[in-house]
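Letter by letter, the chains look like this.
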Amino acid sequence: MTVRAAQPPQIKGWCPGAHRPMMSGDGLVVRIRPRRARFTAEQALGLCDLALDYGNGFVDLTNRANLQIRGVAPEAHEMLLQALNKLALLDADPAQENRRNIIVTPFWRAGDLTDRLVRTVLHALDALPELPAKVGMIIDTGPVPILTGNSADFRFERSPEGLVLRADGCALGRPVTEATARDALLEMAHWFDRHRDETRRRMANVLTRHALPQGWTTTAPIQNQPPPVPGETQTGALLGAPFGQVDAAALRALFETTNAPALRVTPWRLFLLEGVEMPQTSHFITTPGDPLLAVDACPGAPFCPQASVETRELARALAPNIKGRLHVSGCAKSCARRTAADTTLSGRDGTFDLVKNGHPWDEPDKTGLTPDVILAGADL
């Protein structure tokens, strides 16, 4: 495997969007945020065409349940924006795009509680204060919470009695109703805005110094369940994309063979083809036991200027032989996975550090491992 010269990881204070893309090693990263975790078939097929015409031929699933196109030339960005606007996927106001940082449980039905609550939250966005770029929210109001492991500063969940609005970092929340949800969210957002500072820009960090007002920490959400796995659901076929990378041509072919009316996205590198049975495909993961489901790997070098090593080829080779969760990271920045993994390989100066039960930035158990040594049977 070839490597790039190492650079110190640079943590951006924002996430790429459509209006404000981020430059990477292979061009611009343009992220598209869906409403209600859903793209119509027309929109999904349009994104496939845009990835083939302007990007690297792939559409990436992110851990914020967005889609992104990589490898866009800077001079093509404006044409891509115009095409996204024709697909009704572009916010007219870039500030609105920043506020619309929402993860929605993907199994909602038209007109149900989640659908209604999303509408309420979307209509409240203009009244939010100016918040740090990475601040977001989760609407996890299906029969049971399934987004507990995903990051968000404001969380709508079910409680035994109804609804609860919970601040990230606090196990208990504030009971709300559909009628009071909007005002409660705005009140909590303004409280957060008053108490944050330059070193504490996320809710969990603010709560280490400031206590929430009385009455906001009284109610526990109902017990969560683990995230779903590939298979057929009542909403449609749930498929996995290794490392979150979706071949645009293969996805277009799936739509043509299944006639699925829509695509729903998740933060688990899974996507749902609405209203269809599981299709036959070799491009995506269709069974829950696939070893690649337990592997996280960022694009690595040469696609990311922060990375000094290639990642995904090694991750694929190791997947069948590693017990537990495997994380292969191009650098200590850890974009592909924020939580600890059983086995982490982190790129540094063209080789890998090994971290057991930790993060890429943790003190390594071994250093200087080359891919050849790892694949030859190094004790991981």
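As a reminder, the structure under discussion sits directly above these lines.
Quick look at the structure, then. (Residues numbered from 1 in each chain as written. Predicted model: local features only at pLDDT ≥ 70, side-chain atom pairs only at ≥ 80, totals over all residues. Heavy atoms only, no water.)

### Some details on the packing of helix H1 (residues 41-54) against helix H7 (residues 248-258)
For step 1, the next point in the chain: Between H1 and H7, the shortest axis-to-axis distance is 9 Å and the interhelical angle comes to 155 degrees. As far as their axial angle goes, H7 and H1 are roughly antiparallel. In this structure, H1 crosses over H7, and the sense of that crossing is left-handed. The segment H1 lies against H7, with Ala41, Ala44, Leu45, Cys48, Asp49, Ala51 and Leu52 engaging Ala248, Ala249, Leu251, Arg252 and Phe255.
For step 2, the next point in the chain: Considering only residue class, the contact of H1 with H7 consists of 10 nonpolar, no polar and 2 charged. (Axes fitted to C-alpha atoms, helices over the stretch in contact; angles between N-to-C directions. Helix = DSSP H or I, 4+ residues; strand = E, 2+ residues; numbered from the N terminus. Parallel < 35°, antiparallel > 145°, perpendicular 65-115°, else oblique. Left-handed = near helix turned anticlockwise from the far one by under 90°. Contact = heavy atoms within 4.5 Å. Nonpolar A, V, L, I, M, F, W, Y, C, P; charged D, E, K, R; others polar.)

### Here's the deal with helix H2 (residues 77-86)
For step 1, the next point in the chain: Taken together, the buried positions of H2 are His77, Leu80, Leu81 and Leu84. Viewed along the axis of H2, the buried residues span an arc of 100 degrees, placing them on a single side of the element.
For step 2, the next point in the chain: Tucked inside the fold, the buried residues of H2 contact strand S2 (27-32), H1 and strand S5 (67-72).
For step 3, the next point in the chain: Positioned one or two residues after H2, Ala88 has a phi angle of 60 degrees, which is positive. (Buried < 20%, exposed > 50% of the residue type's maximum accessible area, 1.4 Å probe, protein only. Arc of directions from axis to C-beta.)

### Digging into the environment of His19
For step 1, the next point in the chain: If you trace the backbone, His19 turns up in the segment before strand S1 (22-24).
For step 2, the next point in the chain: Distance in space between the C-alpha atoms of His19 and Glu78 is 9.1 Å, their sequence separation being 59 residues.
For step 3, the next point in the chain: Those residues within four positions of His19 in sequence are excluded, and the remaining contacts are His77, Leu81, Leu90, Asp91, Ala92, Pro94 and Glu97.
For step 4, the next point in the chain: At 2.6 Å, the side chain of His19 and the backbone oxygen of Asp91 are in polar contact. (Polar contact = N/O pair within 3.5 Å; in protein donor to acceptor, adjacent residues only side chain to side chain.)

### Describing H7
For step 1, the next point in the chain: Within H7, the full set of buried residues consists of Ala248, Ala250, Leu251, Leu254, Phe255 and Thr258. Along the long axis of H7, the arc covered by the buried residues comes to 165 degrees, so they all point the same way. Along H7, the residues that are exposed and aim more than 90 degrees away from the buried face are Glu256 and Thr257.
For step 2, the next point in the chain: Its side-chain oxygen placed 2.9 Å from the backbone nitrogen of Ala249, Asp247 serves as the N-cap of H7.
For step 3, the next point in the chain: Asn259 sits one or two residues past H7 and shows a positive phi near 55 degrees.

### Focus on the environment of Thr105
For step 1, the next point in the chain: With respect to the helices, strands and loops of the structure, Thr105 is situated in the loop between strand S6 (102-104) and helix H4 (113-124).
For step 2, the next point in the chain: Considered as a pair, Thr105 and Pro145 are 40 residues apart in the sequence and their alpha carbons are 8.3 Å apart.

### What to know about the nonpolar core
For step 1, the next point in the chain: Of all hydrophobic cores here, the largest spans 85 residues; its most connected members are Leu84, Phe154, Leu263 and Phe271.
For step 2, the next point in the chain: Apart from residues lying up to four places away in sequence, Leu263 is in contact with Ala37, Arg38, Phe39, Ala44, Leu67, Leu251, Phe255, Phe271, Leu272 and Leu273.
For step 3, the next point in the chain: Counting 19 residues, the second-largest nonpolar core is a separate cluster that includes Val295, Leu314, Leu345 and Ile374. (Core = buried A, V, L, I, M, F, W, Y, C linked by side-chain atoms within 4.5 Å.)

### Re the packing of aromatic side chains
For step 1, the next point in the chain: This structure, assessed with the given rule, holds 3 aromatic pairs.
For step 2, the next point in the chain: Here Phe271 and Phe284 contribute two aromatic rings whose centre-to-centre distance is 5.1 Å and whose plane-to-plane angle is 85 degrees, an arrangement assigned as edge-to-face. Here the residue Phe271 occupies a position in strand S15 (residues 270-274), and Phe284 occupies one in the loop between S15 and strand S16 (295-297), the gap between them amounting to 13 residues. (Phe/Tyr/Trp six-rings, centres within 6.5 Å; stacked < 30°, edge-to-face > 60°.)

### What about the pattern of salt bridges?
When charged atoms on two side chains of opposite charge get close, those side chains can pair.
For step 1, the next point in the chain: For the structure shown, the criterion picks out 23 salt bridges.
For step 2, the next point in the chain: A salt bridge links Arg70 to Asp26; its shortest N-O distance comes to 3.3 Å. Highlighted residues: Arg70 in strand S5 and Asp26 in the loop between S1 and S2, separated in sequence by 44 residues.
For step 3, the next point in the chain: Here Arg70 falls in the buried class, since its relative accessible area comes to 9%.
For step 4, the next point in the chain: Relative accessible area serves as the criterion here: at 22%, Asp26 is assigned to the partly exposed category.
For step 5, the next point in the chain: Here Glu274 and Arg264 are joined by a salt bridge, their closest N and O atoms 2.8 Å apart. Linking Glu274 in strand S15 with Arg264 in strand S14 (residues 262-265), this pair joins segments that are 10 residues apart in sequence. Each of the two residues, Glu274 as well as Arg264, counts as buried.
For step 6, the next point in the chain: Bridged by salt links that share partners, the residues Arg269, Asp296, Arg325 and Arg337 form one connected network. (Salt bridge = Lys/Arg side-chain N within 4 Å of Asp/Glu carboxyl O.)

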